[in-house]
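# What the coordinates show
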2 protein chains.
Amino acid sequence: MLVIMDGLGDRPIAELNGKTPLEAAATPNMDRLAETGASGMMHTLGRGRVPGSDVAHLAIFGYDPDTYYSGRGPIEVRGLGIPLEGGDVAFRGNLGTVDDDDVIVDRRASRIPDVTDFVKDLDGTTIDDVTFIVRPGTGHRAGVIMRGKGLSANISDADPHAVKLKVRDPQPLDDSDEAKRTASVLAKFLAQAHEQLDANPLNAERRASGQMPANYLLVRGAGYYHGIPSFADRYHGLKAACIAGGGLYKGIGAFLEMDLLSVAGATGQANTDVSAKLTHARSSLDTYDFLFVHIKAFDAFAHDGNALGKKDFIEKVDAAMAAVLDMTDTLLVLTADHTTPCALGDHSGDPVPVLINGPGVRVDKVKAFGERACTCGGLGQLIGLELMPELMNLCGLAKLEGA
Amino acid sequence: MLVIMDGLGDRPIAELNGKTPLEAAATPNMDRLAETGASGMMHTLGRGRVPGSDVAHLAIFGYDPDTYYSGRGPIEVRGLGIPLEGGDVAFRGNLGTVDDDDVIVDRRASRIPDVTDFVKDLDGTTIDDVTFIVRPGTGHRAGVIMRGKGLSANISDADPHAVKLKVRDPQPLDDSDEAKRTASVLAKFLAQAHEQLDANPLNAERRASGQMPANYLLVRGAGYYHGIPSFADRYHGLKAACIAGGGLYKGIGAFLEMDLLSVAGATGQANTDVSAKLTHARSSLDTYDFLFVHIKAFDAFAHDGNALGKKDFIEKVDAAMAAVLDMTDTLLVLTADHTTPCALGDHSGDPVPVLINGPGVRVDKVKAFGERACTCGGLGQLIGLELMPELMNLCGLAKLEGA
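How each quantity is defined
- Residues numbered from 1 in each chain as written.
- Chains lettered and ligands numbered in written order.
- Predicted model: local features only at pLDDT ≥ 70, side-chain atom pairs only at ≥ 80, totals over all residues.
- Heavy atoms only, no water.
- Helix = DSSP H or I, 4+ residues; strand = E, 2+ residues; numbered from the N terminus.
- Rg over C-alpha atoms; globule rule 2.2 N^0.38 Å.
- Buried < 20%, exposed > 50% of the residue type's maximum accessible area, 1.4 Å probe, protein only.
- Contact = heavy atoms within 4.5 Å.
- Areas by Shrake-Rupley, 256 points an atom, 1.4 Å probe, with all protein chains shown as cover.
- Lys, Arg positive; Asp, Glu negative; His and termini not counted.
- Charge placed at Lys NZ, Arg CZ, Asp CG, Glu CD.
- Pairing = 2+ DSSP bridges.
- Axes fitted to C-alpha atoms, helices over the stretch in contact; angles between N-to-C directions.
- Left-handed = near helix turned anticlockwise from the far one by under 90°.
- Phe/Tyr/Trp six-rings, centres within 6.5 Å; stacked < 30°, edge-to-face > 60°.
- Lys NZ or Arg CZ within 6 Å of the ring centre and 35° of its normal.
- Buried area = accessible area lost by both parts, 1.4 Å probe.
- Salt bridge = Lys/Arg side-chain N within 4 Å of Asp/Glu carboxyl O.
- Polar contact = N/O pair within 3.5 Å; in protein donor to acceptor, adjacent residues only side chain to side chain.
- Nonpolar A, V, L, I, M, F, W, Y, C, P; charged D, E, K, R; others polar.
- Least-squares fit on C-alpha atoms with pLDDT ≥ 70 in both.
- Disulfide = S-S within 2.5 Å.

Summing up its helical and strand segments, chain A has 14 helices and 15 strands in all. In summary, chain A has a C-alpha radius of gyration of 23 Å against a globular reference of 22 Å for 403 residues, a match within 12%. Classification of the 403 residues of chain A by burial places 56% in the buried group. At a minimum sequence separation of 6, the contacts of chain A that also span at least 24 residues come to 72%. For chain A, the accessible surface area stands at approximately 16,000 Å², while carbon and sulfur atoms represent 47% of it. Put simply, chain A has 39 plus and 54 minus side-chain charges, and the middle of one group is 2 Å from the middle of the other.

The structure is reproduced here in structure tokens:
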């Protein structure tokens, strides 16, 4: 069971007497896990490199982002349950409202709750041998895939990311024929989609009731999907599941073909029911070999510069850890994807603490789970790509090399 | 502010009761910086690799020597303020004295104080489409560049590095046409230069006054200059300056296009005014974003096997560190380029201590700056190429990867 606490790492904070939120928080359960386990510090991407959450998770799961990451689109689209094929270009999308001059009036079309009946007419459109797959996401969101030969993801966003701006034709970002063609075909599709959406009788109803029409498909985050081995393929057929509230993290799980488990109360926010997530994760070990549990709100507090909020949330999570103490025959791993110092309000490249508790672990002298306590732990300083090999070794699944 | 203390690292020494010179020295200022900072051990090139000062500095500044180093010539020549172009082959040179049989009588021509009026006649010579750029250095020294198409630096030294030996024609060190041609053109040039120098009326004056004639241009350390991104280009436009006494270290600064700052009393030797260097460095932070300060004499004492001298010099430098205590909003880094054990009298591959003090640093439990005290520091064990990423992260200049 791998518990990733998003943005948990921090730097010393004066209002916490020079401690980090994790050091300042009362965390008896995590400290006990540290005391009976082995700890270390993890540089997710490498020394000083600042990871986004998406590449950080890929690295922790043992997928080198330099090989497997090409933008957020494919991850988010997989998170919507839409299968991808190698060579696809995938986008995050949403339905918004533009006026007669194609200027954005509302990026979310009055927060339209469901776009299923709007995007179904666009799904399957083929232009110049490129098929567009458009599927509904949650709320105003949609996943968009371009499928065909010779596509490139190196094109600009059509979405200007703000209201009162005109939507843009996507532009090639290099001189390749692939980028030029992809941008050109996408522009044709977006114009055609705009006409279809604007003429959709459902938008007449929306206008009549004073709501913004959902008449423009905004796309962003183009990413080329090269194909990626599933978690099971990479790790000896291990049956893996993901418990996460946030869409990106479900996307990561789906991207690696983990099963996504729904847990009531898992919101991806500070009000999330951590106890329910961890309890569900523990009981799912009957069915699954590997559980990925993601907890998000640390990062949100840190982005807001709220050190006390981050500390309190850490204490809430620590209390919930009671659900996973004293597991037998299970490796429990606690770590973070990156550091988000409250003082910065943004990600940084400082390493994060990591602990492994369970059978076979060389229990070290570390007695607390924290950025500095873990520095002298038995795991030393490792990079993200080294974590899964450590776990496979401890599980007895690492292959003998040589004889 | 990055202070590199040349050859500071050492091994336990019996006459110092099993301590290293750094451990045996009284260093209250450096210890205070360690106590309020984060420490670690740095393997400049990698575990067990023995660095020369030139490659060590390149690695510390984040330039992989395997990519950017090709001999000392280009570095020394840049240190003389001579611009290089990609494809140049550069040499260290000096004027010496040979007899009528081309046997070296004096490698420094009676320590001639200035070669300007001798080399100006050689500068700009073109032979077989190769132009020779020859500029004066300090004392008997000169910088020599071969500029033209299809040159190679893989040729032997013409300088036999000792008196009573005949100067040699440079030889190609591989079978390539480039190496053969470069050696052949250089041989022609050196013969022609010898004739010109020998006939120089200034040498008649020298002979008349009983001084050795400066009649032979000795060249060594051929290096091919591939071009190298400047420090500013590599690090977000940071305006960098170098304060160093020794020529090689000025060369490193110039090679990376740092400004070279002159400080009265900076000699690159044990009598250097460390306090003046550090005070000048601190005040230069008004103008510069990054200060590289080099202090040399540790290494010279160690090469001489003088452990007590090394220890005393460490204490002198520690006292001078008073000038850089209590800086605000500045990251101060203390480290060495390599270990020079007094017992060996030569460089070794043992790691060197490193400490970072300043805003955002996770202060660790290390309370002294020394080879063994820093082993359990928060920075762990890093390689030279990882130091600049750590610093860019702490400065908030590291770029987010992914999203």
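Before going further, it helps to spend a moment on the sheet that holds strand β14 (residues 380-383) of chain B. All names here are of chain B. Read from one edge of the open sheet, eight strands run β10-β9-β11-β1-β12-β13-β2-β14, paired in mixed fashion. Whereas interior strands pair on both sides, the edge strands pair on one side only; in this sheet they are β10 (259-260) and β14. Relative to β14, strand β2 (residues 38-43) is paired through four bridges, and the arrangement is parallel. Looking across to β14, one finds that Gly 40 is bridged to Gly 380. The sheet strands contacting helix α2 (residues 28-35) are β1 (2-5), β2, β12 (332-335) and β13 (352-357), and the helix crosses β13 at an angle near 65°.

All names here are of chain B. Packing of helix α11 (residues 274-284) against helix α13 (residues 307-320) brings their axes to within 8 Å, and their N-to-C directions diverge by 35°. Judged by the sense of rotation from one axis to the other, the crossing of α11 with α13 is right-handed. Facing Val 274, Ser 275 and Leu 278 of α11, the residues of α13 in contact are Phe 313, Lys 316, Val 317 and Ala 320.

Residues and elements named next belong to chain B. Under the counting rule described, the total for this entry stands at 20 aromatic pairs over all chains. On the basis of an interplanar angle of 10° and a centroid distance of 3.9 Å, the ring pair of Phe 132 and Phe 189 is categorised as stacked. Highlighted residues: Phe 132 in strand β6 (residues 130-136) and Phe 189 in helix α7 (residues 177-198), separated in sequence by 57 residues. Across this residue pair, the class does not change: Phe 132 and Phe 189 are buried. It is Arg 234 that lies over the ring of Tyr 63; its NZ or CZ is 4.5 Å from the centre. Across from the ring centre of Tyr 288, 4.9 Å away, lies the NZ or CZ of Lys 239, which sits over that ring.

What follows deals with the interface of chain B and chain A. Listed per partner, the contact involves 22 residues of chain B and 29 residues of chain A. Carbon and sulfur atoms supply 48% of the area that chain B and chain A bury against each other, a total of about 1,900 Å² over both sides. When the area that chain B buries against chain A is broken down by residue, the three leading residues are B:Arg362, B:Glu401 and B:Ala403, summing to 39%. On inspection of chain B and its partner chain A, the count reaches three salt bridges. A salt bridge links A:Arg47 to B:Glu390; its shortest N-O distance comes to 2.8 Å. Joining chain B to chain A, the criterion identifies 16 residue pairs in polar contact (both at pLDDT 80 or more). Where the side of chain B that touches chain A is concerned, the elements lending two or more residues are β14, α14 (387-394) and β15 (400-401) of chain B. Among the elements that take part in the side of chain B that touches chain A, α14(B) stands out by supplying four residues, more than any other. The residue makeup of the side of chain B that touches chain A, split by class, is ten nonpolar, seven polar and five charged. In the sheet, strand β3 (residues 50-51) of chain A pairs with β15(B) via two bridges, with the strands oriented parallel. Across the sheet, residue A:Pro51 finds its bridge partner in β15(B), namely B:Glu401.

In this section: the relation of the copies chain B and chain A. Each copy of the sequence occupies a distinct position, and chain B is placed on chain A by a rotation of 124° and an axial shift of 0.1 Å, giving an RMSD of 0.3 Å. Put plainly, the chains are arranged around a three-fold axis. Scanning chain B for the C-alpha nearest the rotation axis identifies B:Cys376, at a separation of 3.6 Å. A share of only 9% of interface residues in chain B that are also interface residues in chain A marks the association as one of differing surfaces.

Moving on to helix α8 (residues 201-208) of chain B. Its side-chain oxygen placed 2.8 Å from the backbone nitrogen of B:Leu202, B:Asn200 serves as the N-cap of α8(B). Once α8(B) finishes, B:Gly210 follows within two positions and takes phi at roughly 85°, a positive value.

All names here are of chain A. Position of Arg 78 among the secondary structure elements: in helix α5 (residues 73-79). Within the buried set, Arg 78 has no salt-bridge partner at all; the shortest N-O distance to an opposite charge, 5.2 Å, is to Glu 257. A polar atom in the side chain of Arg 78 sits 2.9 Å from the backbone oxygen of Ala 254. Apart from residues no more than four positions distant in its own chain, Arg 78 is found in contact with Pro 83, Leu 84, Gly 251, Ala 254, Phe 255 and Glu 257.

All right, on to the pairing of strand β14 (residues 352-357) of chain A then. Residue and element names in this part refer to chain A. Across the six residues that make up β14, a large majority, six, are buried. Of the two faces of β14, the one carrying Val 352, Val 354 and Ile 356 and the one carrying Pro 353, Leu 355 and Asn 357 are both buried. As paired elements, strand β2 (residues 38-43) and β14 share five bridges and run antiparallel to each other. Following the sheet pairing, Ala 38 is matched in β14 by Ile 356. Relative to β14, strand β13 (residues 332-335) runs antiparallel, the two being bridged by three bridges.

Attention now moves to the pattern of salt bridges. Per the stated rule, a full pass over the model turns up 37 salt bridges over all chains. Among the salt bridges present, the one from A:Arg72 reaches A:Glu76, with a minimum N-O distance of 3.0 Å. Between B:Glu85 and B:Arg147 there is a salt bridge; the shortest N-O distance is 3.5 Å. Residue B:Glu85 is found in the loop between α5 (73-79) and β3 (89-98), and its partner B:Arg147 is found in strand β7 (residues 141-147); the two are separated by 62 residues along the sequence.

Regular strands show a simple pattern: their side chains alternate between the two faces of the sheet. All names here are of chain B. Most of β3 sits out of view: nine of its ten residues are buried. The pairing of β3 with β7 spans six bridges and is classified as antiparallel. Note on β7: the bridge partner recorded for Gly 93 is Ala 142. Bridge analysis of β3 against strand β4 (residues 104-106) gives two bridges, and the strand direction is antiparallel.

Okay, unusual backbone geometry next. Positive phi, normally seen in glycine, also occurs at A:Asp326, with a value near 55°. Turning to its location among the elements, A:Asp326 is positioned in the loop between α13 (307-320) and β13. In the Ramachandran plot, B:Asp102 falls in the positive-phi region, its phi being about 65° despite a non-glycine side chain. Looking at the secondary structure, you find B:Asp102 in the loop between β3 and β4. Under the relative-accessibility criterion, B:Asp102 is labelled partly exposed at 24%.

Moving on to the environment of B:Asn203. All names here are of chain B. Here Asn 203 lies in helix α8. With a relative accessible area of 0%, Asn 203 lands in the buried category. Taking the C-alpha atoms as reference points, Asn 203 and Val 293, separated by 90 residues in sequence, lie 40 Å from one another. Setting aside its immediate chain neighbours within four residues, Asn 203 contacts Phe 118, Leu 197, Asp 198, Pro 213, Ala 214 and Asn 215.

Taken as a whole, this structure holds zero disulfides over all chains when the rule is applied. There is no disulfide at B:Cys242, and the cysteine sulfur nearest it, in B:Cys395, is 18 Å away.

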